[in-house]
Amino acid sequence: MPSISYIEPPGSNRTAETELLAYRLRQQTLVAEFGHYAVRSAEIDALLQRATELCAQGVDARFAKALEWLPQENRLLVRAGVGWAEGVVGTATIGADRETPAGFALQTGQPVICNHLAQETRFRTPRLLLDHGVKRAINVVVRGLEKGQPFGILAVDSPFEGRFDEADIAFVQGFANLLGVAIERIRVKEERDSAAAHLHLERNRLRAVLDALPVGVLIADKAGRVVDSNAFVARIWGGASPLQEHLGDYGRYKAWWGDTGRPVAADEWPLARAIRHGEISVGKVLDIERFDGTRGTILKSAAPVRDAEGRIVGGVVAIQDLTERRQMEAALRESEESIRLIIESVRDYAIFTLDTTGRIASWNAGAAAVFGWPEAEIIGQSAAVLFTPEDRQARVLESELDRTFEQGRAASERWLLRKDGSGIFVSETVRPLHDTNGRVRGAVKVAQDETERRKTEDALRRSEENFRTLANSIPQLAWMANADGWIFWYNDRWFAYTGTTLEQMEGWGWRKVHHPEHVDGVVERITRAWQTGEPWEDTFPLRGKDGKYRWFLSRALPIRDNEGHVVRWFGTNTDVTEQREAEERQALLTRELSHRVKNSLALVACSACRPETPSTKKCAAPSKMPRRALTRSRGSTTIYGNAMR
C-alpha cells in the first residue's frame, strides 16, 4: 500500500489561491491516475482498495472506505478502506437506512457532505466513525452506466476540523463514477466468461444427454451430411451407420413404409424432407433391413434446425425401435390396469371423471363413500347434483370446467352436498382428459373430505378471536409476533398508551417508543430470544403519548407447534413505575433507619461502659440516659421492622 500523507486542508501556510490551485490540480491528477488504473484492473477488490487510497490522498483525509450494499440484509459492508483499525475492512457493516450518512446517500441517491457530524440532525453517527474520531465526511453513491441497484457507497472521513466543499464532492464523485463503470465492466466480463463456460458445459451436457437417451438421435447439416449421432443409432441399425455426404446417400438405407410396404425413396426419408422442405415428421413407422441383415421396425420423427432468421441449417431425427415401444405400450396397459385397481381401492379420495358437458362418466368406491351415491345411481347424472343450490344457480360447475380446459387445471375448496343433503367441505382438483390425438374428451376430478379440518380451522379462528378479545381486556400492554420476531398485532392498551398505530409499530417499529439509552440493549436481548426460542424477560422505559417515559416489566413466551417449532410469540408489558418508585423510597428509608439504629446503639454502648466517678455519684439520675437511648433504639428498630414488612 503506498504511503499517504495527512495534512490539514488548504489554507495554512501558503496563500489561499495558490494552495487551492495546487490542491485541485492534485485531485485532477489522482482522478486521471485512477482512470488509467481502472481501465486495466480486472479485480474488484483491488480496484476498490486503490480508489480508497487515492481518494484519501485527494482530500487529505485519514480515512476512506468503499461500502458494498447487501440488499438482503440492508447493510453496507466495508469491503475496502484505508486508515481503519485492524479487522474493520471485510467485516464491519453499517446500516443502509437513512439513519447513517452512507445509508442516507444510498436511499436518496444524492451525495452527502457533512462538516460537523456531532451537530448533524439528518442522521446519527455510526459507531465505526465515533470509534475513529471522525468529525466530517463525504458519501457518494457508486453506480454503473446501466440502470439498476447501485453497487454501494464511496466515502472519505476526516478526524480533523475543517470543511469539505462542492469541489471535494465532485472529486469523490468522479472516483465513484469511474468505479461504477469499471465494476460494471469487470462484472460483464465475468458474466461473459461465465457464459462461455456455461456454453461449454451445455455442450458437454448435450453430449451426455445424447449418449444417455434410450433412442437414436442423428444430426445433419444443410447438405444432409451427418455431423453427429449417438450410440443408439448404430445399435438400432445393427452396426455402425454409414455417414452420408449428401441427401442422395440416404438411398443406402433400406426401408419400407409400415402401412403400405412400399420402399422408402432417398428423398422420402423424414430427415431429408425436414432439411429440404422444412417438414416436421412425427411417428413415421418404417420396416427396415439393418446393416447386419436382420429386419426390424422403427419409429422415426424428424424436424428442421433453423437459425435466428428462420433459415434451415440442418435437421435432427429421433429413431426408436418399435419393439421397445410395443413393450412400453404393454407396460402402459398393465400400468393403466394397476391404476384402475388402485383408484377402485382408494376410499379416502373421491375420484371420478366427467365428459365435456359435466356428466359423470366414472365413479370410484371412494366417491361413493364420500358422497353417499352408489355408482349405478350417479353415472350419467350431471355433477351439478353435488353442488349447493347457490353454486348451481351461479353455474360454478360450468365455470370450473371452462377453467380446466383453458388453463389445464382448476382447484378449489368449497361446500358440496351428499346424497342425503348434508354438507361436506372438500378440497378438489380438476384436470382435463385427452384422447390419443390430444383432443379434450373430459375431465377427472379428485376430491378429499376436509370437513373436519374446516371445522377445526373455524374453531381455531373463533379461539383466536376470543384470545384477542381476552388480550384486549387485560391491564397490560400485549402483542404477538411471528417466529422470527416480526410483531404483527398489539392490543388496544398499547395504542392507547403509546398513541401510535399498527402501521407505525408493526415489525420493528416498536423501537420508536423506546428510550434511546435502552433501545440497543433491548434489541440485542430480545433478538437473542428470537434466535434461541428461550422465554424473554426485561425491564425498560416506554414513551407514552404524552412524551413521558414509564417503566415496564416485559415478558414474551414462544408458542410452539406439535413438533416443538416456534410458530408465534406472545408478549406483555406491565407498568411497574409505581413499584420501582416505592422500592426506591423503601430503600432510602431503610438506609436512614439503619443509620439511626446504629447511632442509638452506639450511644447505649457508650453510656453503659462509662466508669463511676465522684461527679457521677452526685448525679440525680445517672441511669436514665442509657434507658432513654435504649428506648429510642427499640423504637427505631420497631419502625425499621414495620418498614421492611
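Residues numbered from 1 in each chain as written. Predicted model: local features only at pLDDT ≥ 70, side-chain atom pairs only at ≥ 80, totals over all residues. Heavy atoms only, no water.

**Some words on the overall build of the chain**
In terms of helices and strands, the chain carries 19 helices and 22 strands. Going through the 645 residues of the chain one by one, you find that 38% of them count as buried. A sequence separation of at least 24 residues applies to 48% of the contacts in the chain between residues at least 6 apart. With an accessible surface of roughly 36800 Å², the chain has 53% of that area assigned to carbon and sulfur atoms. (Helix = DSSP H or I, 4+ residues; strand = E, 2+ residues; numbered from the N terminus. Buried < 20%, exposed > 50% of the residue type's maximum accessible area, 1.4 Å probe, protein only. Contact = heavy atoms within 4.5 Å. Areas by Shrake-Rupley, 256 points an atom, 1.4 Å probe, with all protein chains shown as cover.)

**Overview of the confidence of the model for the chain**
Should pLDDT be low for a region, the predicted coordinates there are not to be read in detail. Across the chain, pLDDT averages 83, with 85% of residues at or above 70. Predicted confidence is poor over residues 1–12, with pLDDT under 50, and the contacts of this stretch with residues over four places away or in other chains come to 26 contacts. Scored below 50 in pLDDT, residues 617–622 shows two contacts in the model against residues more than four places distant or in partner chains. (pLDDT = per-residue confidence, 0-100.)

**As for the environment of glutamine 531**
Residue position: glutamine 531 is located in helix 16 (residues 516–532). Taking C-alpha positions, glutamine 531 is 7.5 Å from aspartate 484, a pair spaced 47 residues apart along the chain.

**Section: the pattern of salt bridges**
Under the criterion given, the structure shown has 34 salt bridges. Between arginine 414 and aspartate 391 there is a salt bridge, with its nearest N and O atoms 3.7 Å apart. Within this pair, whereas arginine 414 is found in strand 15 (residues 410–417), its partner aspartate 391 is found in helix 11 (residues 389–393), the two being separated by 23 residues in sequence. Taking relative accessible area as the criterion, arginine 414 reaches 18% and is therefore assigned buried. Where arginine 555 meets glutamate 537, a salt bridge forms, and the shortest distance between an N and an O atom there is 2.9 Å. Note that arginine 555 is positioned in strand 21 (residues 549–560) and glutamate 537 in strand 20 (residues 536–543), a separation of 18 residues in sequence. Taking the relative accessible area as the measure of exposure, arginine 555 reaches 39% and is therefore partly exposed. It is possible to trace a salt-bridge network through shared partners that takes in Asp391, Glu400, Arg414, Glu428 and Lys445. (Salt bridge = Lys/Arg side-chain N within 4 Å of Asp/Glu carboxyl O.)

**As for the sheet that holds strand 19 (residues 487–490)**
Taking strand neighbours across the sheet as the criterion, the five strands line up as 19-18-22-21-20 in an open arrangement whose pairing is antiparallel. Single-partner strands in this sheet number two, and they are strand 19 and strand 20. Recorded for the sheet is a direction-independent mean angle of 25 degrees between the axes of neighbouring strands. In the sheet, strand 21 pairs with strand 22 (residues 566–575) via nine bridges, with the strands oriented antiparallel. Bridging across to strand 22, arginine 555 finds its partner in threonine 572. The strands touched by helix 16 within the sheet are strand 18 (477–482), strand 20, strand 21 and strand 22, with strand 20 carrying the most contacts at an inclination of about 150 degrees. (Pairing = 2+ DSSP bridges. Axes fitted to C-alpha atoms, helices over the stretch in contact; angles between N-to-C directions.)

**A word on unusual backbone geometry**
Even without glycine at this site, asparagine 74 takes up a positive phi of about 50 degrees. Looking at the secondary structure, you find asparagine 74 in the loop between strand 1 (63–70) and strand 2 (75–82). Classification of asparagine 74 as partly exposed rests on a relative accessible area of 32%. For arginine 395, which is not glycine, the phi torsion reads 55 degrees and is therefore positive. Residue position: arginine 395 is located in the loop between helix 11 and helix 12 (396–407).

**Concerning helix 2 (residues 44–58)**
A rise of 1.5 Å per residue sets the reference length of helix 2, with its 15 residues, at 21 Å; its end C-alpha atoms lie 21 Å apart and thus fit the reference within 8%. Most of helix 2 is tucked away: 13 of the 15 residues are buried. Note on helix 2: the residue one or two positions beyond its end, aspartate 60, has a positive phi of about 55 degrees. (Expected span 1.5 Å × (residues − 1).)

**Some details on the sheet that holds strand 5 (residues 136–142)**
Taken together, the six strands give an open sheet; going across it, the order is 3-2-1-6-5-4, and neighbouring strands pair in antiparallel fashion. Each edge of the open sheet carries a strand with a single partner, namely strand 3 (93–95) and strand 4 (112–114). For this sheet the average axis-to-axis angle between neighbouring strands, irrespective of direction, equals 25 degrees. Summarising the sheet, strand 1 and strand 2 pair through seven bridges and their orientation is antiparallel. What sits directly across from alanine 66, in strand 2, is alanine 80. Helix 2 rests against strand 1, strand 2 and strand 6 (152–158) of the sheet, and its axis sits at about 65 degrees to strand 2.

**Brief notes about the pairing of strand 5**
Along strand 5, seven of the seven residues are buried, which leaves the element largely enclosed by surrounding structure. Of the pairings in the sheet, the one linking strand 4 to strand 5 comprises three bridges and is antiparallel in character. Directly across from cysteine 114, in strand 5, lies its bridge partner alanine 137. Summarising the sheet, strand 5 and strand 6 pair through seven bridges and their orientation is antiparallel. Looking at strand 6, one finds that valine 142 is bridged to glycine 152.

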